[in-house]
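Architecture at a glance
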Amino acid sequence: MSDSDTIPPEAGRPTELVMVDGSSYLYRAFHALPPLSNSRGQPTGAVYGVINMLRKLLREHQPQRIAVVFDAPGKTFRDELFESYKSHRPPMPDDLRSQIEPLHAAVSAMGIPLLQIPGVEADDVIGTLARQAGDAGIHTLISTGDKDMAQLVNGHVTLVNTMTGTVLDRQGVIDKFGVPPERIIDYLALVGDSSDNIPGVPKVGPKTAAKWLNEYGSLDEIIARAEEIPGKVGESLRANLPQLELSRLLATIHCDVKLAESLDQLSPSEPDTDKLRELYTELEFGGLLRELEADQPDPPRGSESPRRYQTVLDQKTLDGWLERIKHADLFAFDTETTSLRYDKAEVVGVSFAIEPGEAAYVPLAHNYIGAPEQLNREAVLAQLKPILEDPKHAKVGQNLKYDKNVLANHGIELTGIAHDTMLQSYVLNSTAGRHDMDSMALRELGVTTIKFEDVAGKGARQLGFDEVEIEKAAEYAAEDADITLRLHQSLWPRLNKETRLRAVYEEMEVPLVPVLSRMEQTGVLVDPELLRRQSQELAEAMAELEVKAHDEAGQAFNLGSPKQLQEILFDKLQLPALRKTPKGQPSTAEDVLQELANDYRLPQLILEYRSLSKLKSTYTDKLPDLISPKTGRIHTSYHQAVAATGRLSSSEPNLQNIPIRTAEGRRIREAFVAPKGYRILSADYSQIELRIMAHLSGDAGLLKAFAEGKDIHQATASEVFGVSPDQVSADQRRSAKAINFGLIYGMSAFGLSRQLGIERSAAQTYVDRYFDRYPGVKDFMDRIQAQAHEDGYVETVFGRRLYLPEINSRNAQRRQYAERTAINAPMQGTAADIIKRAMLAIDRWLNTSNNGIRMIMQVHDELVFEVPKSQISDAETTVRKFMISAAELKTPLDVDVGTGRNWGESH
């Protein structure tokens, strides 16, 4: 039968046989995807990538027969032929090796036959089955990224690369390699393969190999006429003739492997959904799990109790629920609203749960054509108000700070917040994954929840919740309350057993919810006109920098285009490419440009331009748009369950990232102003992490320096550089500051050398001297890392725990990062705990003193207040007192306090 006797099946029709090069899939998925892992630190990226590639293949080709073929462990016959075969390949990364077993399990659970034949490679198994199929007149599609497979292409065999979508038939092989499939073995023998360590002929590349084969017809003919080939390349050919036959043998796929499996045994079977559900839950593939359950006629929901959800549309039913809530020891509560922005949101409905599997939704403001009559919102909220405002009625919720703020828009002050499942999950393990309800339900309960997009749609056509049909909205909203209650019942017993963690939760995180809520609702005043002037000034400064950059480059280009910047820096100006992108292009990342800026003017200009551009787009342009028309103030959102170490973060706007080190950044703070009759008061902990280091390490030198009130950086410089304190130069103090802060972040001598712009040996000398003078610090670092390796976590002074899933990773880079985190996390986490304790104490004072002082911002180690002019002296004294007394350390805390008409002036 000739190549033209059989043609591939028509598009859209089932493919007769699909062969998947599993090893090729595995490596390509591993390198193509970011290093994904589940909440336990188990690598999952390659498994996820291969599963999705296989699903796409099944969907597009609907194969009648299919097999995924993996290389078996151990040596093959090629290793016997050539001892150095594949010897240059690095060993399989541990993070990839650990994914093989779950991947094999997933492939089998998908109902796909999986083959591994000892002594031969996957290519040989695929080649053998493809030949058998061809003999039977069956068309084969081979899915691979391996160029060696091109030798198998004929009228019965086609290749497809799932990663790129490229299809290679006979003409495709010719177009790609310059030779037909029957000459690919000869081609590979000449070119060699560095990854497999196939020798080939030095100096013979793809173009030369294709040219010779087209001119002479075959490798045998090239060998026979080797004397005719001129030049250095001809000399290389003749010198390597003895090993050409070996190269050809190594490159040849054997299509006569004895297989126990026949083509008839390669039919796909029905997926094992129970096994897939177990695997997807274990690996935390939420999307795949949702799709799996959506395909089931009656989707199982893990260990979920039977659902009894009720939609409340009449007063009698509502009265029944209100009576039950009043007598419940604890009830789950949730609001459905018109907006994710608490300051704009209005209540659309509320939901409750008292027992697992039983919940109610009370729709109050669904507004669409055909919507049933609903209870009056104001009347229902008035009935709920005494319960919601009574601290004796204990509530549990998921991120109840949001609900508290939304209810405040309706004149209700939510109290009695006994538990918050988001905070329970966060305190138990801040690094376990996301702490949103959907992620926690999958992780803790094995339940795939209804998503907002499932009921409201996606993108531009997404409905507001008030436009969602009540029937859909009710199940979604009731589930929120039900799942929240069930999460609490799963999380709280574990948290309750951990005395120190329970204290962090009950004495710090839960009490902080109303404090942050008050700060958010109060907001902060900004001057929009000043911001607009600053935007204009930044735009003018950026234009000047652009002109200078164009002059430096010798041509105009787009400073915001990484591609054009690559061409200018590395092609035209020939600057050294310090790092490559994943696509192999020279990187223009921030840290790369910073290093280049030490020696070259243009990268320095680009960095200055980027800095101003970020300030303009993130702050001076955006802040005026965030001013609430209702209050005339900006209302940020504080997040307790984002930063792993316990620090607060904020969004819309992100107050934590407003720069303080540049003049332009400091000017933005001038736009945060005090209202009439008030002043801004800023109170900032001084060198708090270094003080915590002194406490944790117990180092006598550090403790003495702080006790005597010395400038710690000057004191360190004096010790490290061997000069008296009054002889310390500005550069020496700067270096000492870099050492002090660098070491508590686990910085190596290499990192210090880059930061200070000095030789690595000099940086190592500084580090060695530092540890000689402060031996307690080195002892602490060694001790905390050893403890982290043994326990898998570190703790703050107050018992907050940070798990380090990569601390014993075989991947050196990840392990070393975890080791650096082990040093820093206790200090950064303790600093976070201290300022939270200070906020709680200050909030209690403010609530009882009625002095008009308002706490309006928390930024890193700083608290910001609006203070009536008449109260400034008292505020300075009392705020400092509460902040200093927030923790009793071996070295006293210190607080810098300043006041002014704006934030910039007060700092």
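Residues numbered from 1 in each chain as written. Predicted model: local features only at pLDDT ≥ 70, side-chain atom pairs only at ≥ 80, totals over all residues. Heavy atoms only, no water.

Take the overall build of the protein chain next. In terms of helices and strands, the protein chain carries 36 helices and 20 strands. Projected onto its principal axes, the C-alpha coordinates of the protein chain cover approximately 105 × 80 × 55 Å. By residue count, 52% of the 907 residues in the protein chain fall in the buried class. In the protein chain, once contacts between residues fewer than 6 apart in sequence are set aside, the share between residues at least 24 apart is 68%. In the structure as shown, the protein chain presents an accessible area of about 41100 Å², 48% of it carried by carbon and sulfur atoms. Here the protein chain holds 103 positive side-chain charges and 130 negative ones, and the gap between their average locations is 5 Å. (Helix = DSSP H or I, 4+ residues; strand = E, 2+ residues; numbered from the N terminus. Buried < 20%, exposed > 50% of the residue type's maximum accessible area, 1.4 Å probe, protein only. Contact = heavy atoms within 4.5 Å. Areas by Shrake-Rupley, 256 points an atom, 1.4 Å probe, with all protein chains shown as cover. Lys, Arg positive; Asp, Glu negative; His and termini not counted. Charge placed at Lys NZ, Arg CZ, Asp CG, Glu CD.)

What follows concerns empty space enclosed by the protein. Evaluation of the coordinates by the stated rule reveals three cavities of 30 Å³ or more. Looking at the largest cavity, its volume works out to about 50 Å³. Around the largest cavity sit Ala644, Thr645, Val794, Glu795, Thr796, Arg800, Arg801, Leu802, Ala825, Pro826 and Gly829, which together line it. Of all the secondary structure elements, the ones that give two or more residues to the lining of the largest cavity are strand S16 (793-795), strand S17 (801-803) and helix H34 (812-849). (1 Å grid on protein atoms, 1.4 Å probe; cavity = no way out; pocket = protein on both sides within 12 Å on 5 of 7 lines; lining within 4 Å. Points joined across faces, edges and corners; volume = space filled by probe spheres on them.)

A word on the pattern of salt bridges. Tallying each qualifying case throughout the model produces 45 salt bridges. Notably, a salt bridge pairs Lys275 with Glu278, separated by 3.8 Å at the nearest N-O pair. With a gap of three residues between them, Lys275 and Glu278 both fall in helix H12 (residues 273-283), about one helical turn apart. Of the charged contacts in the structure, one is a salt bridge between Arg854 and Glu866, with a shortest N-O distance of 2.8 Å. Residue Arg854 is found in strand S18 (residues 854-859), and its partner Glu866 is found in strand S19 (residues 862-868); the two are separated by 12 residues along the sequence. The class for Arg854 is partly exposed, based on a relative accessible area of 27%. (Salt bridge = Lys/Arg side-chain N within 4 Å of Asp/Glu carboxyl O.)

As a further point, take the packing of aromatic side chains. By the definition in use, this model includes 14 aromatic pairs. Look at Trp492 and Tyr505: their rings are 5.8 Å apart centre to centre, the planes differ by 45°, and that puts the pair in the tilted class. Of this pair, Trp492 sits in helix H20 (residues 470-497) while Tyr505 is found in helix H21 (residues 499-522), placing the two residues 13 residues apart along the sequence. Exposure remark for Trp492: the relative accessible area of 16% places this residue in the buried category. An aromatic cluster of three or more residues is present, and its members are Tyr48, Tyr280 and Phe285. Note that Lys778 overlies the ring of Phe771, its terminal NZ or CZ placed 5.9 Å from the centroid. (Phe/Tyr/Trp six-rings, centres within 6.5 Å; stacked < 30°, edge-to-face > 60°. Lys NZ or Arg CZ within 6 Å of the ring centre and 35° of its normal.)

Now for helix H10 (residues 231-239). Restricting attention to buried positions, one finds in H10 the residues Gly234, Ser236 and Leu237. All buried residues of H10 lie within an arc of 160° about the axis, which places them on one face of the element. In H10, those exposed residues whose orientation departs by more than 90 degrees from the buried face are Lys232 and Ala239. Looking at the buried residues of H10, the elements they touch are helix H7 (184-191), helix H8 (206-216), helix H9 (219-224) and helix H11 (241-251). (Arc of directions from axis to C-beta.)

This part is about the confidence of the model for the protein chain. A residue-level look at the protein chain finds 93% of positions with pLDDT of 70 or above and a mean pLDDT of 88. Here residues 1-13 is a poorly scored stretch, pLDDT under 50, and it has 16 contacts once near neighbours within four places are set aside; other chains count. Contacts of residues 298-304 to residues separated by more than four positions or lying in other chains number 18 contacts, the stretch itself having pLDDT below 50. (pLDDT = per-residue confidence, 0-100.)

This part covers the pairing of strand S8 (residues 331-337). Along any regular strand, the residues point their side chains to alternate faces of the sheet. Counting buried positions along S8 yields seven of seven residues, so the element is predominantly enclosed. Burial along S8 is two-sided: the residues Phe331, Phe333, Thr335 and Thr337 and Ala332, Asp334 and Glu336 are all buried. Relative to strand S11 (residues 395-397), S8 runs parallel, the two sharing two bridges. Residue Phe331 lies in a different strand from S11, and its bridge partner there is Lys395. Two elements, S8 and strand S9 (residues 347-355), share six bridges in a ladder whose sense is antiparallel. Residue pairing across strands places Thr335 opposite Val350, the latter belonging to S9. (Pairing = 2+ DSSP bridges.)

The next thing to look at is the sheet that holds S19. Each strand in a sheet pairs with another by means of backbone hydrogen bonds, the pair being arranged parallel or else antiparallel. Pairing is antiparallel across the open sheet formed by four strands, whose spatial order is S18-S19-S15-S20. This sheet does not close on itself; its edge strands, each paired only once, are S18 and strand S20 (895-900). Here the strands of the sheet are splayed against their neighbours by 20° on average, with no regard to which way each runs. Inspection of the sheet shows strand S15 (residues 678-685) paired to S20 by six bridges, in the antiparallel sense. Opposite Ile680, over in S20, you have Gly900 as the bridge partner. (Axes fitted to C-alpha atoms, helices over the stretch in contact; angles between N-to-C directions.)

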